[in-house]
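# Structural overview for review
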Amino acid sequence: MTLSVSGDSITFPDLSTLQTAPSGFGFKNRIINGDMRIDQRNSGAIVTGNGYPVDRFQTGSSGAQTWTMQRSTTVPTGFTNSVAVTIGTGSSPGASDRLTLSQSIEGYNSADFSFGSTSAQNVTMSFWVRSSLTGAFGVAFRNSATNRSYVASYSVLVANTWEYKSVTIPGDTSGTWAVDNTAGIYVNFDLGCGTTFSTAAGSWQAGNFFGLTGGVKLNATSGATFFLTGVQLEKGPTATAFDYLDYGCSLIQCQRYYQKYSADGGTNGLGLAVMWTTTAAYTSITFHTKMRTNPTGSSSTSNALTCLVVGTAKQATTVVFDARTTDTAEIYIITSGLTVGQAGFMRFTASTDWVAFASEL
């Protein structure tokens, strides 16, 4: 390609070559927070029930087993955090029991995989794993309708040792795969699933499977441990180096799905407020980044917020989340003794209080 200027010729590289360079451009890794650094909810604290041990990674469980998950500093070289899974009381999973660690990938972020068409692309998952148990483990890929599934197998060879793994998944030419702001692909790491949700590895199947038949059941062994980090899902048949992002960029990616506003050790302010009625004080916030959908709101306690009005503290008996969009939200507290039309200042009641907004897949 050339551009002529005043009789001179300037040669540019072929743009099509640039667009298909092996290193790739843009959003190479479709897994968000694959290095497990961001943990808005827990700041490294233990998670014991279904929830998010770190941002974007969700636990799913049923059965008699007990376990904990949390962000950890046990890592391979090049990483600062992992997710640590520790089984408390283990027992063999029943047919419909499961323990998984998963991430839901938004359809906008996987649309170019072209799953469900004749142009479906191969994709490769790579990650670092450390387990006290050796043997074959499973990692599964499913559509949002949960009627298309592929379970891949990888092996942990040496106990309590970090190992790098990669699996390549052929593109699925069947099924319906979302390409909007709903779930495009579910990725599930199998930590012990029963026969109902388990299948053989290595092919796309019609059904809802996220466990490996004959695979290691981590949740069957009391005290078993499993660590995971450096998770990357990319287009193509070959795993490439982990796509490190700066902390701020990773945080913004996570905040599309979850944002937390906290006292952060003090009683910091949330914003100006107006006394709407004699029992309701309103404030509004603008989110750090646009959220995936209109979020749900939650607070640390029912009295997490206090409104200062003419030097008097009016503590909430209830925190209510109202008029939520992908950009903003209104919050009001129920209290008493307010004067309609007065202005005030909304702040957190205690140093550990918070409000949060979630639009998870």
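Residues numbered from 1 in each chain as written. Predicted model: local features only at pLDDT ≥ 70, side-chain atom pairs only at ≥ 80, totals over all residues. Heavy atoms only, no water.

Moving on to the pairing of strand 22 (residues 318-322). Burial of the side chains of strand 22 is restricted to one face: Val319 and Phe321 are buried, whereas none of Thr318, Val320 and Asp322 on the reverse face is. By the bridge criterion, five bridges tie strand 22 to strand 23 (residues 328-334) in an arrangement that is antiparallel. Directly across from valine 319, in strand 23, lies its bridge partner isoleucine 333. Here strand 22 folds back onto strand 23 in antiparallel fashion, the turn holding five residues, of which alanine 323 has a positive phi close to 50 degrees. (Buried < 20%, exposed > 50% of the residue type's maximum accessible area, 1.4 Å probe, protein only. Helix = DSSP H or I, 4+ residues; strand = E, 2+ residues; numbered from the N terminus. Pairing = 2+ DSSP bridges.)

Below, the discussion takes up the pattern of salt bridges. Close approach of charged atoms lets side chains of opposite charge pair. Tallying each qualifying case throughout the model produces nine salt bridges. In this structure, the salt-bridge partner of arginine 256 is glutamate 106, at a minimum N-O distance of 2.7 Å. A residue pair is termed long-range when its members are at least 10 positions apart, and arginine 256 in the loop between helix 3 (247-255) and strand 16 (258-262) and glutamate 106 in strand 6 (residues 98-106) qualify at 150 residues. You can call arginine 256 partly exposed: its relative accessible area is 22%. We classify glutamate 106 as buried; its relative accessible area is 1%. Between aspartate 172 and arginine 148 there is a salt bridge, with the nearest N and O atoms lying 2.9 Å from each other. With aspartate 172 in the loop between strand 10 (163-169) and strand 11 (183-190) and arginine 148 in strand 9 (residues 148-156), this pair connects stretches of sequence that are 24 residues apart. You can call aspartate 172 buried: its relative accessible area is 2%. (Salt bridge = Lys/Arg side-chain N within 4 Å of Asp/Glu carboxyl O.)

For the rest of this paragraph, the subject is unusual backbone geometry. The phi torsion at methionine 36 lies on the positive side, around 65 degrees, for a residue other than glycine. With respect to the helices and strands, the residue methionine 36 is situated in the loop between helix 1 (15-19) and strand 3 (58-62). Looking at methionine 36, the relative accessible area reads 0%, which means it is buried. One non-glycine residue, asparagine 160, lies in the positive phi region at around 55 degrees. Note that asparagine 160 resides in the loop between strand 9 and strand 10. When its relative accessible area of 40% is taken as the criterion, asparagine 160 is described as partly exposed.

What follows concerns the confidence of the model for the protein. Chain-level statistics for the protein give a pLDDT mean of 93 and a share of 93% at 70 or above. By mean pLDDT, the top-scoring element of the protein is strand 7 (residues 123-131) (99), and the lowest-scoring one is helix 1 (38). Taken as a whole, residues 1-6 scores under 50 in pLDDT and shows twelve contacts with residues more than four places along the chain or in a different chain. In this model, residues 9-24 is a region of pLDDT below 50 whose contacts with residues beyond four sequence positions or in other chains number 14 contacts. (pLDDT = per-residue confidence, 0-100. Contact = heavy atoms within 4.5 Å.)

In total, this model carries 20 aromatic pairs according to the counting rule given. With 5.0 Å between their ring centres and 80 degrees between their planes, phenylalanine 115 and tryptophan 177 make a pair best called edge-to-face. With phenylalanine 115 in the loop between helix 2 (107-110) and strand 7 and tryptophan 177 in the loop between strand 10 and strand 11, this pair connects stretches of sequence that are 62 residues apart. By relative accessible area, tryptophan 177 is classed as buried at 9%. Relative to phenylalanine 189, the ring of phenylalanine 127 has its centre 5.2 Å away and its plane inclined at 85 degrees; by these criteria the two rings are edge-to-face. Highlighted residues: phenylalanine 127 in strand 7 and phenylalanine 189 in strand 11, separated in sequence by 62 residues. Chaining the aromatic ring pairs together yields one cluster made of Phe113, Phe115, Tyr150, Trp177 and Trp204. When the ring centre of tyrosine 258 is taken as origin, the NZ or CZ atom of arginine 41, which lies over that ring, is 3.8 Å away. Just above the ring of tyrosine 257 sits the side chain of arginine 56; from NZ or CZ to the centre is 3.8 Å. (Phe/Tyr/Trp six-rings, centres within 6.5 Å; stacked < 30°, edge-to-face > 60°. Lys NZ or Arg CZ within 6 Å of the ring centre and 35° of its normal.)

Pairing is antiparallel in the open sheet, where three strands are placed in the order 16-25-19. The outermost strands of the open sheet, each flanked by one partner alone, are strand 16 and strand 19 (296-299). Ignoring strand direction, the axes of neighbouring strands in this sheet form an average angle of 15 degrees. Where strand 16 and strand 25 (residues 354-358) come together, five bridges link them in antiparallel fashion. (Axes fitted to C-alpha atoms, helices over the stretch in contact; angles between N-to-C directions.)

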